[in-house]
Amino acid sequence: MNSITKQDSFAKRLWTKFYTVPHAAFMAFDKKIDGGISFFLKHYGKSKFMISMSKRAQVLGIEKLWLKSPKAFVYFFLFYLVRDTILYIILPIYFAGFLGD
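Right, let's walk through the structure included here. The model shown is predicted, which means the values in this text are computed figures rather than measured ones.

Details of the overall build of the protein chain
- Across its full length, the protein chain holds five helices and zero strands.
- Tracing the protein chain from N to C terminus, the helices and strands come up as α-α-α-α-α.
- In summary, the protein chain has a C-alpha radius of gyration of 22 Å against a globular reference of 13 Å for 101 residues, an excess of more than 25%.
- By its C-alpha atoms, the protein chain is 60 × 45 × 35 Å across when sized along the principal axes.
- Counting all 101 residues of the protein chain, 14% fall into the buried class.
- A fraction of 36% describes how many contacts in the protein chain between residues 6 or more apart in sequence connect residues 24 or more apart.
- For the protein chain, the separation between the mean place of its 15 positive charges and that of its 6 negative charges on side chains is 9 Å.

Looking at the nonpolar core
- Counting residues in hydrophobic clusters, the biggest one holds eight residues: Met50, Met53, Ala57, Leu65, Ala72, Phe73, Phe76 and Tyr80.
- Within the residue set of this core, elements represented by two or more residues are helix H3 (48–60) and helix H5 (70–100).
- If one sorts the elements of this core by residue count, H5 sits on top with four residues.
- Apart from the residues within four sequence positions on either side, Ala72 is in contact with Phe49 and Met53.

Observations regarding the packing of aromatic side chains
- For the structure on display, the rule yields four aromatic pairs.
- When the ring of Phe76 is compared with that of Tyr80, the centres are 5.0 Å apart and the planes differ by 80°; the resulting orientation is edge-to-face. Separated by four residues within a single helix, Phe76 and Tyr80 lie in helix H5, roughly one turn from each other. Taken individually, Phe76 and Tyr80 each receive the classification buried, so the pair is uniform in this respect.
- Between the aromatic rings of Tyr94 and Phe98, the centroid separation amounts to 6.2 Å while the plane-to-plane angle is 15°, which identifies the pairing as stacked.

Quick notes on the rules
- Residues numbered from 1 in each chain as written.
- Predicted model: local features only at pLDDT ≥ 70, side-chain atom pairs only at ≥ 80, totals over all residues.
- Heavy atoms only, no water.
- Helix = DSSP H or I, 4+ residues; strand = E, 2+ residues; numbered from the N terminus.
- Rg over C-alpha atoms; globule rule 2.2 N^0.38 Å.
- Buried < 20%, exposed > 50% of the residue type's maximum accessible area, 1.4 Å probe, protein only.
- Contact = heavy atoms within 4.5 Å.
- Lys, Arg positive; Asp, Glu negative; His and termini not counted.
- Charge placed at Lys NZ, Arg CZ, Asp CG, Glu CD.
- Core = buried A, V, L, I, M, F, W, Y, C linked by side-chain atoms within 4.5 Å.
- Phe/Tyr/Trp six-rings, centres within 6.5 Å; stacked < 30°, edge-to-face > 60°.

Here you go:
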């Protein structure tokens, strides 16, 4: 049995036309500015310190990072704690109260 129908083919053409072409244009523009837009979207809400510590944690591992610099590790943890508290707890409560009234 052939599971691909004309409708599936039409949907693929629409997907190609309305997503792939603009996506390719966006990626070409992003490449011209050295990936600035995609970097911003990927690391939104993070400081340069948080990004560098994340990379170190990936390379060294959490235990070695702690042994190398406990103070920096605590700062790293607190930055993420504050950021995530604001993004995932405070803002949703605020917007739920704002939209619920």
